[in-house]
Amino acid sequence: RSAGSTVIVKNAAGTQLKTATANTSTGAYSITLDTALINKETLSITAKDAAGNISAIKSLIAPDKTPPAAPTATINNTRKIITGVAEAGSVVEVKNTSGTSLGVITAHVTTGAYSITLATALAVNQTVNITAKDAAGNISTPKALVAPATAKIVVAPAVVTSTFDIQNLIAGYVDGFNQPIEAV
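Quantities reported herein were computed from a predicted structural model and do not represent experimental measurements.

(A) Structural view of the side chain of D64. Inspection of the secondary structure assignment puts D64 in the loop between β4 (58-61) and β5 (74-75). Although D64 is buried, it forms no salt bridge, and the closest oppositely charged side chain is K40 at an N-O distance of 4.4 Å. Within the local environment of D64, its side chain forms a polar contact with the backbone nitrogen of T66, the two atoms lying 3.1 Å apart. Contact partners of D64, with chain neighbours within four places excluded, come to I38, N39, K40, D134, A136 and N138.

Structure representation (structure tokens):
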């Protein structure tokens, strides 16, 4: 950074974003980019003097100011286990509508999958909010989730007995129900 040098800012692809001339007395410079960089983008900064000499590259990484996307979330039939996907490695938190934390876990570092087991099952139709917080402290918008009103339990019958008669009528019983079934 020599006084009067041209300072050149490029993105990771090598595209020139901006230039400025360093102060001829102090060498100080200031560059305002056209688009704010807020998601860990990498820049390279060089200075070129009047003779055409180019300095070594100074790499600069923009701060992470971008919140994660809202996590996905589903709740199981017991209204106690919440699962979904959030930004990989983010901290996922479940809060009730009063803001009380009901559970916290770190999402998988590669897939972002998470599963939170609540200490107490949610009440029927209770709403909770799930957020993800990245390593920079950015918090997603909350994902609202409403506990189901009833558990959906499906029980398959144990055994179906049936016979074929001469008229192509199938008849029998479903074990446990003792009710006749018929099909033509």
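(B) Representation of the environment of D49 within the structure. Among the structural elements, D49 can be located in the loop between β3 (42-48) and β4. Here A51 takes part through its backbone nitrogen, which lies 3.1 Å from a polar atom of the side chain of D49.

(C) Focus on the confidence of the model for the protein. Mean pLDDT over the protein: 86, with 80% of residues reaching 70 or higher. Of the regions scoring below 50 in pLDDT, residues 178-184 engages in 19 contacts with residues more than four places distant in sequence or in other chains.

(D) Fine view of the pattern of salt bridges. Overall, the coordinates contain one salt bridge when judged by the stated rule. As a salt-bridge pair, K18 and D34 come within 3.2 Å of each other at their nearest N and O atoms. Taken together, the residues K18 in strand β2 (residues 16-21) and D34 in the loop between β2 and β3 connect sequence positions 16 residues apart. Here K18 falls in the partly exposed class, since its relative accessible area comes to 28%. The exposed category is assigned to D34, whose relative accessible area is 67%.

Reading the values: rules and limits
Residues numbered from 1 in each chain as written. Predicted model: local features only at pLDDT ≥ 70, side-chain atom pairs only at ≥ 80, totals over all residues. Heavy atoms only, no water. Helix = DSSP H or I, 4+ residues; strand = E, 2+ residues; numbered from the N terminus. Buried < 20%, exposed > 50% of the residue type's maximum accessible area, 1.4 Å probe, protein only. Lys, Arg positive; Asp, Glu negative; His and termini not counted. Salt bridge = Lys/Arg side-chain N within 4 Å of Asp/Glu carboxyl O. Polar contact = N/O pair within 3.5 Å; in protein donor to acceptor, adjacent residues only side chain to side chain. Contact = heavy atoms within 4.5 Å. pLDDT = per-residue confidence, 0-100.

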